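Summary of the model geometry
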Amino acid sequence: MTEGRPTTRARSDEVYVVGCGMHPFGRDDTVTGMAMAERAVREALADAGVGWEDIGYAAGGSDVSGKPDTLVGRLGLTGVPFVNVQNGCATGASTVLAVANALRAGEASLGLAVGFDKHERGAFNVSAARYGLGDWYAESGMMLTTQFFALKTQRYLHEHGVSERALAMVAARAFRNGAQHPMAWRRKPLTEQEILDSPEVSPPLTQYMFCSPGQGAAALVLALGNRAFDLCERPVRLASLALRTRRFGSFEVFSPWLPPGPHRSPSVDAAEAVFRRADLRPADVRVAQLQDTDSGSELIHLAETGLCDHGEQEELLAAGDTDATGRIPVNTDGGCLAGGEPVGASGLRQFHEVVRQLQGRAPGAQVPGAPRVGFTHVYGAPGISACAVLTV
Amino acid sequence: MTEGRPTTRARSDEVYVVGCGMHPFGRDDTVTGMAMAERAVREALADAGVGWEDIGYAAGGSDVSGKPDTLVGRLGLTGVPFVNVQNGCATGASTVLAVANALRAGEASLGLAVGFDKHERGAFNVSAARYGLGDWYAESGMMLTTQFFALKTQRYLHEHGVSERALAMVAARAFRNGAQHPMAWRRKPLTEQEILDSPEVSPPLTQYMFCSPGQGAAALVLALGNRAFDLCERPVRLASLALRTRRFGSFEVFSPWLPPGPHRSPSVDAAEAVFRRADLRPADVRVAQLQDTDSGSELIHLAETGLCDHGEQEELLAAGDTDATGRIPVNTDGGCLAGGEPVGASGLRQFHEVVRQLQGRAPGAQVPGAPRVGFTHVYGAPGISACAVLTV
Amino acid sequence: MTTRLVAEDLFEGVDPMRLVGARCSGCHTVVFPRQDSCPRCADGAMSAHVLPVRGLVWSWTLQAFPPKPPYRPPAGGFQPYHVGYVDLGEVLVEARLEVPRREMRIGLPVRLTTMPAYHDEDGTEVLTFAFRPDPSPEEDR
Amino acid sequence: MTTRLVAEDLFEGVDPMRLVGARCSGCHTVVFPRQDSCPRCADGAMSAHVLPVRGLVWSWTLQAFPPKPPYRPPAGGFQPYHVGYVDLGEVLVEARLEVPRREMRIGLPVRLTTMPAYHDEDGTEVLTFAFRPDPSPEEDR
Ligand SMILES: [Zn+2]
Ligand SMILES: [Zn+2]
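Residues numbered from 1 in each chain as written. Chains lettered and ligands numbered in written order. Predicted model: local features only at pLDDT ≥ 70, side-chain atom pairs only at ≥ 80, totals over all residues. Heavy atoms only, no water.

Time to look at the overall build of chain A. Summing up its helical and strand segments, chain A has 13 helices and 12 strands in all. At 20 Å, chain A has a C-alpha radius of gyration in line with the 21 Å of a compact globule built from 392 residues. Its C-alpha atoms give chain A principal-axis dimensions of roughly 50 × 45 × 45 Å. When each of the 392 residues of chain A is scored for burial, the buried share is 70%. A fraction of 76% describes how many contacts in chain A between residues 6 or more apart in sequence connect residues 24 or more apart. Where the 36 positive side-chain charges of chain A centre and where its 43 negative ones centre are 4 Å apart. (Helix = DSSP H or I, 4+ residues; strand = E, 2+ residues; numbered from the N terminus. Rg over C-alpha atoms; globule rule 2.2 N^0.38 Å. Buried < 20%, exposed > 50% of the residue type's maximum accessible area, 1.4 Å probe, protein only. Contact = heavy atoms within 4.5 Å. Lys, Arg positive; Asp, Glu negative; His and termini not counted. Charge placed at Lys NZ, Arg CZ, Asp CG, Glu CD.)

Expressed as a screw operation, the relation of chain A to chain B combines 0.0 Å of axial shift with a rotation of 180°, fitting to an RMSD of 0.0 Å. Viewed as a symmetry operation, the transformation between the two copies matches a two-fold axis. The rotation axis passes nearest to the C-alpha of V85 of chain A in chain A, at a distance of 2.1 Å. The overlap is high: 100% of the interface residues of chain A also sit at the interface in chain B, so the same surface is used on both sides. (Least-squares fit on C-alpha atoms with pLDDT ≥ 70 in both.)

Attention now goes to the coordination of the zinc ion (ligand 1). Residue and element names in this part refer to chain C. Each protein donor to the zinc ion (ligand 1) is listed here as C24 (SG), C27 (SG), C38 (SG) and C41 (SG); together their distances run 2.2 to 2.3 Å. Relative to the metal, the 4 donor atoms surrounding the zinc ion (ligand 1) lie at angles of 102 to 118°, and the coordination shape comes out tetrahedral. One chain supplies every donor to the zinc ion (ligand 1), and in sequence these donors are spaced C-x2-C-x10-C-x2-C. By relative accessible area, C24 is classed as buried at 0%. Look at C27 and you get partly exposed, because its relative accessible area is 23%. (Donors = N, O, S within 2.8 Å, 3.2 Å for Na, K, Ca; no water. Tetrahedral: all angles 85-135°; square planar, octahedral: opposite > 155°, others 65-115°.)

Moving on: the coordination of the zinc ion (ligand 2). All names here are of chain D. Distances from the zinc ion (ligand 2) to its protein donors, C24 (SG), C27 (SG), C38 (SG) and C41 (SG), fall within 2.2 to 2.3 Å. One can describe the donor arrangement at the zinc ion (ligand 2) as tetrahedral, given that its 4 donor atoms subtend angles of 102 to 117° at the metal. Summarised as a motif, the one-chain spacing of the donors to the zinc ion (ligand 2) is C-x2-C-x10-C-x2-C.

To continue, consider the packing of helix α6 (residues 164-179) of chain A against helix α10 (residues 295-304) of chain A. Residue and element names in this part refer to chain A. The contact between α6 and α10 brings their axes to 8 Å, and the two run at 100°. Taken together, the axes of α6 and α10 are roughly perpendicular relative to one another. Seen from α6, the contacting residues are A166, L167, V170, A171 and R173; seen from α10, they are S295, G296, E298 and L299. Classifying every residue of the contact of α6 with α10 by side-chain character gives 5 nonpolar, 2 polar and 2 charged. (Axes fitted to C-alpha atoms, helices over the stretch in contact; angles between N-to-C directions. Parallel < 35°, antiparallel > 145°, perpendicular 65-115°, else oblique. Nonpolar A, V, L, I, M, F, W, Y, C, P; charged D, E, K, R; others polar.)

Structurally, E139 of chain A is set in helix α4 (residues 135-139). Buried charge without a partner: E139 of chain A forms no salt bridge, and the closest opposite charge is R72 of chain D, 4.1 Å away. If near-sequence neighbours (up to four positions away) are discounted, E139 of chain A is found in contact with P70, Y71, R72 and Y118 of chain D. (Salt bridge = Lys/Arg side-chain N within 4 Å of Asp/Glu carboxyl O.)

This part is about the interface of chain A and chain B. Chain A puts 45 residues into the contact, and the matching count from chain B is 45 residues. The interface formed by chain A and chain B contains 2 salt bridges. For the salt bridge of E107 of chain A with R277 of chain B, the shortest nitrogen-to-oxygen distance reads 3.4 Å. Those elements giving two or more residues to the side of chain A that touches chain B turn out to be α2 (72-75), β3 (82-84), α3 (91-104) and β8 (236-245) of chain A. Per-element tally for the side of chain A that touches chain B: the top contributor is α3 of chain A, with 5 residues. Class assignment of the residues belonging to the side of chain A that touches chain B gives a composition of 20 nonpolar, 14 polar and 11 charged.

On to the environment of D134 of chain D. Residue and element names in this part refer to chain D. Along the polypeptide, D134 turns up in the segment after β10 (125-133). On the basis of relative accessible area, D134 is assigned to the buried category, the value being 8%. Along the backbone, D134 and L112 are 22 residues apart, and their C-alpha atoms lie at a distance of 8.7 Å. A distance of 2.7 Å separates the side chain of D134 from the side chain of R54, its partner in a polar contact. (Polar contact = N/O pair within 3.5 Å; in protein donor to acceptor, adjacent residues only side chain to side chain.)

Backbone torsion omega between A381 of chain A and P382 of chain A reads -5°, so that peptide bond is classified as cis. In this structure, P382 of chain A sits in the loop between β11 (373-380) and β12 (384-391). Located in the positive-phi region is D279 of chain B, a residue other than glycine, with phi close to 55°. Looking at the element boundaries, D279 of chain B is found in the loop between α9 (266-278) and β10 (287-289).

Right, let's get into the sheet that holds β3 of chain A. All names here are of chain A. The strand order across the open sheet built from 9 strands is β3-β2-β4-β7-β1-β8-β12-β11-β10, with neighbouring strands paired in mixed fashion. The sheet is open, and its two edges are formed by β3 and β10 (287-289), each paired on a single side. Sheet twist, expressed as the average angle between the axes of neighbouring strands with direction ignored, equals 20°. The strands that helix α9 (residues 266-278) touches are β8, β11 and β12; relative to β8, the one it contacts most, it runs at about 145°. (Pairing = 2+ DSSP bridges.)

Residue and element names in this part refer to chain B. Pairing is mixed in the open sheet, where 9 strands are placed in the order β3-β2-β4-β7-β1-β8-β12-β11-β10. A strand with exactly one partner marks an edge of an open sheet, and here the two such strands are β3 (82-84) and β10. The sheet shows a mean angle of 20° between the axes of neighbouring strands, taken without regard to direction. For strand β8 (residues 236-245) and strand β12 (residues 384-391), the ladder comprises 8 bridges, and the chain directions are antiparallel. Opposite T245, over in β12, you have I384 as the bridge partner. Running over the sheet, helix α3 (residues 91-104) touches β1 (15-26), β2 (57-61), β4 (110-118), β7 (215-224), β8, β11 (373-380) and β12 and is turned about 165° from β2.

Now for the pairing of β11 of chain A. Residues and elements named next belong to chain A. With 8 of 8 residues buried, β11 lies mostly within the body of the structure. Where burial is concerned, the two faces of β11 agree: the one with V373, F375, H377 and Y379 and the one with G374, T376, V378 and G380 are both buried. In the sheet, β11 pairs with β12 via 8 bridges, with the strands oriented antiparallel. Its bridge partner being in β12, Y379 is matched across the sheet by S385. Between β11 and β12, which follow one another and run antiparallel, lie 3 residues, and G383 among them has a positive phi close to 100°.

Let us look at the packing of aromatic side chains. Summed over all chains, the structure comprises 32 aromatic pairs over all chains. Ring centres 6.2 Å apart and planes at 85° place the aromatic pair W58 of chain C and Y85 of chain C in the edge-to-face group. Here Y85 of chain C lies in strand β7 (residues 81-87) and W58 of chain C lies in strand β6 (residues 54-63), a separation of 27 residues in the sequence. No difference in accessibility class separates W58 of chain C from Y85 of chain C, as the two residues are buried. Cluster of aromatic residues (ring-pair linked, three or more members): W136 and Y137 of chain A together with F11, F32 and F129 of chain D. A cation over an aromatic ring shows up here: R186 of chain A above the ring of W185 of chain A, its NZ or CZ 4.0 Å from the ring centre. (Phe/Tyr/Trp six-rings, centres within 6.5 Å; stacked < 30°, edge-to-face > 60°. Lys NZ or Arg CZ within 6 Å of the ring centre and 35° of its normal.)

So, on to the arrangement of the chains. Contacts are most numerous between chains A and B, taken over all 5 pairs of chains that touch. There is no contact between chain C and chain D; across them, the least C-alpha separation is 23 Å.

Let's shift gears to α3 of chain B. Counted at 1.5 Å a residue, the expected span for α3 of chain B with its 14 residues is 20 Å, and the 20 Å between its end C-alpha atoms agrees. Burial analysis of α3 of chain B places 14 of its 14 residues in the buried class, the great majority of the element. (Expected span 1.5 Å × (residues − 1).)

So, about the confidence of the model for chain C. In the predicted model, chain C carries a mean pLDDT of 92, and 96% of its residues have values of at least 70. Model confidence for the complex is summarised by a pTM of 0.92, with the ipTM given as 0.90. (pLDDT = per-residue confidence, 0-100.)

So this is what it looks like as structure tokens:
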């Protein structure tokens, strides 16, 4: 496989975010997934100051709420190429990748990425066959994502000497940030003790350490080269974006077996690739989004992406370093924990938050000091991760 | 929207097909969709003389038979970026587009596109909500793809003075070609009269004028620039590929209403775009693949793509012009009519056939005279078409 | 026997019953059923628009085999039926056609009617819209 | 009462029952359940490979709420249960853990057993594999 090298591109080959829009996350029975997507797209177009008819290439993703390309029926029948992508939790990143590649390949100079979903209450349904597994695996009660997160976290805490309180600190910060964010679902701050005392779901994880399936939509307008500067006062450069599937020995959901360790996650590969290509280091990041389907995942991802060392998380959290006012603010919008996880929209929510932070117009808690380097990270089944570095 | 212009690319920016593989189409209960996909990929890799670990970017599509990116569990856990796309009948083209754009964008120099599906017997199930329609539409018996094809064909024959016998000629040629093709499903030639006398499904279309949902898989290895010539004696250039969604007033499946005509299909837009970009004319095409979910569709697509004039089809068919030995051979492998339509695989089957024709090694009836320009066309719900021009 | 319409928002009035779509104030596009945004232009506002009851068969076909669910067969079980598009001038509407095969042709004058589609579990007859041959096509046009 | 195994191809032998995976002749990777191709290398051939019956808890958790279908609860209804990975040396296997919460810890020696998972409609008891605390962890290792 070709590995990423630091990329030196002419400005004319760079891709920029020039507009973003978002439908509030949460739960609202009066609005469909497609309607939320339409609103997010219209907001992104207005933000970029362009019309739908200016879009030359579009990509969309939704896990369960309809075929994204049917959005053309709502947005306008311009004939635009519209590709649907589906990569689980990495769907949002896949839409951005599809559009960025198309722009660089010369297919268009202005593109749109949109993601949306509206899930039913409760955990996601799964099909063993769809994952290439026998029925026995689900029937005997081992095919639950919550178990996976708990098993991975349990082992991680043990190996790296992190306490369960760190898990509560992650969730408490998420709800603190969510409380300030107008588009978050959960807006009530919770204390660490409340989080630890909430019902046990799968130890070491309690109820408030898990995000819920929810609903939402987010969209970005992307532009190539100089077009971006014509449209936008402060375009945000997509310095690098990498999607990686798992390598042998990663610890993934729905694994009836694992090889003896070490278990290297695709998050490590994706993060290394984006920092290498952007010619930046994790220490340069001033605002980060990390996949936080649960507290344990965020904790693990902090180290896997290189933002801290393994085992260092508890100290970082206790010192407030990951707060909006800290050294390395994480999930300033409350992440999945406060926003819920509409699978198709979640990755684009991350871009939305980081872009607006870098533009100095965060909807919630603004990171002070005009951050210039942002980072996004998603991770999901069946062992896929996507990271991006964004800069102004 | 940015319209395509004739593209003058340096050879280093051209994308070529350097290997192809296919699992026979049809129905075989002993093999899963994923297993078929694996076989097609391995065959394509062997054909290109490369290993899975050489692939730097992959895209896959399947409508109902699993998450394509889980194929990494069978092919090898190399960490490769693997994007899943889903665009109905245009899924195969979307995989090729995703890979070609990634190669041109500098993501990798070698990529893989794979499509597969294994459908249940009988017509596809539909969900009104998924198409943004009320339940009444399906419940009252109007939400069937077969009706749509029949209604469109009925009107087309009426407007352009084409007889029902032309529909039988299309199917007869498909089965004639299929009979010679080792990977086709239907290998028994049928006379025009047998086709006309088969049970009426939705007039003017009879049973043998419709393709069936089936199973199959196909894969392509794509290479950028000089890499292609290092790998392959006769790489086939992807001169252009365009995907288009419908514009206002096209006549699409599941339309409770239509505006008064004319009804312009996205096939017209996609075909015009690829010929313009490739700087070639429809008359240059020497081997073509047209979406033939039914005889009427192929008939209509012949004219919509510019391969003939509206109303000229019957004459062309009667003269044998669309036979493998004719002036403009169409669906030399028997198309969907003889192959069935595994949605995710069907578009890549088209590429497989055209590539092998242009390389002079067709598995079935070889077009004589070393054809140099090939064409593919798919069309499907919800009003999407993709065309490609391939050259040697 | 109680009856209900297959979907209330498709209809307006009772006797005579009319189909109701929507019309764009910007580009005058007429759609059916009604929807909130114009599929053609971004500018117009959509408002309810009652459709003509008379038109011409624009295309037709037969549904020869029983559709899978969510199709709901009528009380007596599935019988082959005709469907088609009816040209109402400003819009073509897809509908069940209550027209005998021998009379069926593109261009046939037809007018709006209702027909039983299926029965609810509680026995309620569910009516849908259809078009039947128009005995007096020139009248009121 | 008749019993059956949750999936025949996971097991080999009866008394003692063993789990059977597959091992790659090329890179010696051991997988469970058996599969035809090696997930690690392209070269090796996979052949059936009986797994050790003794191991150590590598990670564990509790399933506190009743899973949705396709999970099938036992005859008496859902009761919270433990799952985990057991380190068998050459491979870690995910399994139900029949270990009391107070004894549960990473590193606990366990050995293979079977347990009723659910009942078929005809009353057949369906057994799955599990691990329970190993009273004599040093023996036979
Ligand atoms: Zn309008
Ligand atoms: Zn091996």
